[in-house]
Amino acid sequence: SVMQATTSLSKGYADAVAGFEGEMMDMIAAAPTAYRVLDENLETRSQGVAFAKTRDPALPARLQETLEEMRQDGSIAAIVEKYGMNVQKALGEKR
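Residues numbered from 1 in each chain as written. Predicted model: local features only at pLDDT ≥ 70, side-chain atom pairs only at ≥ 80, totals over all residues. Heavy atoms only, no water.

1. As for the overall build of the protein
Phase 1 of the analysis: For the protein, the count of helices and strands is 5 helices and 0 strands.
Phase 2 of the analysis: Overall, the protein shows an N-to-C arrangement of helices and strands of α-α-α-α-α.
Phase 3 of the analysis: Relative to the globule expectation of 12 Å for 95 residues, the C-alpha radius of gyration of the protein, 18 Å, shows a markedly less compact shape.
Phase 4 of the analysis: Among the 95 residues that make up the protein, the fraction classed as buried is 13%.
Phase 5 of the analysis: Residue pairs in contact within the protein that sit at least 24 positions apart in sequence constitute 31% of those at least 6 positions apart.
Phase 6 of the analysis: Mean positive and mean negative side-chain charge positions of the protein (11 and 14 charges, respectively) differ by 5 Å. (Helix = DSSP H or I, 4+ residues; strand = E, 2+ residues; numbered from the N terminus. Rg over C-alpha atoms; globule rule 2.2 N^0.38 Å. Buried < 20%, exposed > 50% of the residue type's maximum accessible area, 1.4 Å probe, protein only. Contact = heavy atoms within 4.5 Å. Lys, Arg positive; Asp, Glu negative; His and termini not counted. Charge placed at Lys NZ, Arg CZ, Asp CG, Glu CD.)

As structure tokens, then:
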């Protein structure tokens, strides 16, 4: 947990920790001069969506289209920013 990471760092049990960016940024906000963030991602993950076998066959394509529209109109970037994460890193964009 973020609490365990904070405790480990503050007590000198660990020199570094890694975690979900949104949670880690909350920890950093509490003590901005005590921590720093690496420029590179240590890990990236893809997300998946499961559909019921009895679904509308067009549903996966509609979801993909909606996500692409949200990426293009900036909606996804706005959501990522809302939670204090780096948009370029979260969306896998090159600088």
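2. Focus on the nonpolar core
Phase 1 of the analysis: Counting 5 residues, the largest nonpolar core consists of I76, A77, V80, M85 and V87.
Phase 2 of the analysis: Counting residues per element, this core draws most heavily on helix α4 (residues 75–82), which supplies 3 residues. (Core = buried A, V, L, I, M, F, W, Y, C linked by side-chain atoms within 4.5 Å.)

3. Points about the environment of S8
Phase 1 of the analysis: Turning to its location among the elements, S8 is positioned in helix α1 (residues 2–10).
Phase 2 of the analysis: Apart from the residues within four sequence positions on either side, S8 is in contact with Y13 and A14.

4. A look at the packing of α1 against helix α2 (residues 21–30)
Phase 1 of the analysis: Following both chains from N to C, one finds α1 and α2 inclined at 45°, their axes separated by 10 Å at the closest point. One element, α1, and the other, α2, form an angle in the oblique class. Here α1 and α2 pass one another in a crossing that is right-handed. Between α1 and α2, the residues in contact are V2, T6 and L9 and E23, M24 and M27, respectively. (Axes fitted to C-alpha atoms, helices over the stretch in contact; angles between N-to-C directions. Parallel < 35°, antiparallel > 145°, perpendicular 65-115°, else oblique. Left-handed = near helix turned anticlockwise from the far one by under 90°.)

5. With respect to α2
Phase 1 of the analysis: The complete set of buried residues in α2 reads G22, M24, M27 and I28.
Phase 2 of the analysis: The elements touched by buried residues of α2 are α1.

6. So, the packing of helix α3 (residues 59–73) against α4
How two helices pack is summed up by the angle between their axes together with the distance between the axes.
Phase 1 of the analysis: One can describe the packing of α3 onto α4 by two numbers: an axis separation of 4 Å at closest approach and a directional angle of 70°. It follows from the interaxial angle that α3 and α4 lie roughly perpendicular. Contacts between α3 and α4 involve L67, M70, R71 and D73 from the first element and S75, I76 and I79 from the second.
Phase 2 of the analysis: In the contact of α3 with α4, the residues fall into 4 nonpolar, 1 polar and 2 charged. (Nonpolar A, V, L, I, M, F, W, Y, C, P; charged D, E, K, R; others polar.)

7. Here we look at α3
Phase 1 of the analysis: If you check α3, its first and last C-alpha atoms are 21 Å apart, about what 15 residues at 1.5 Å a residue would give, namely 21 Å.
Phase 2 of the analysis: With its phi angle positive at about 90°, G74 sits one or two positions after the end of α3. (Expected span 1.5 Å × (residues − 1).)

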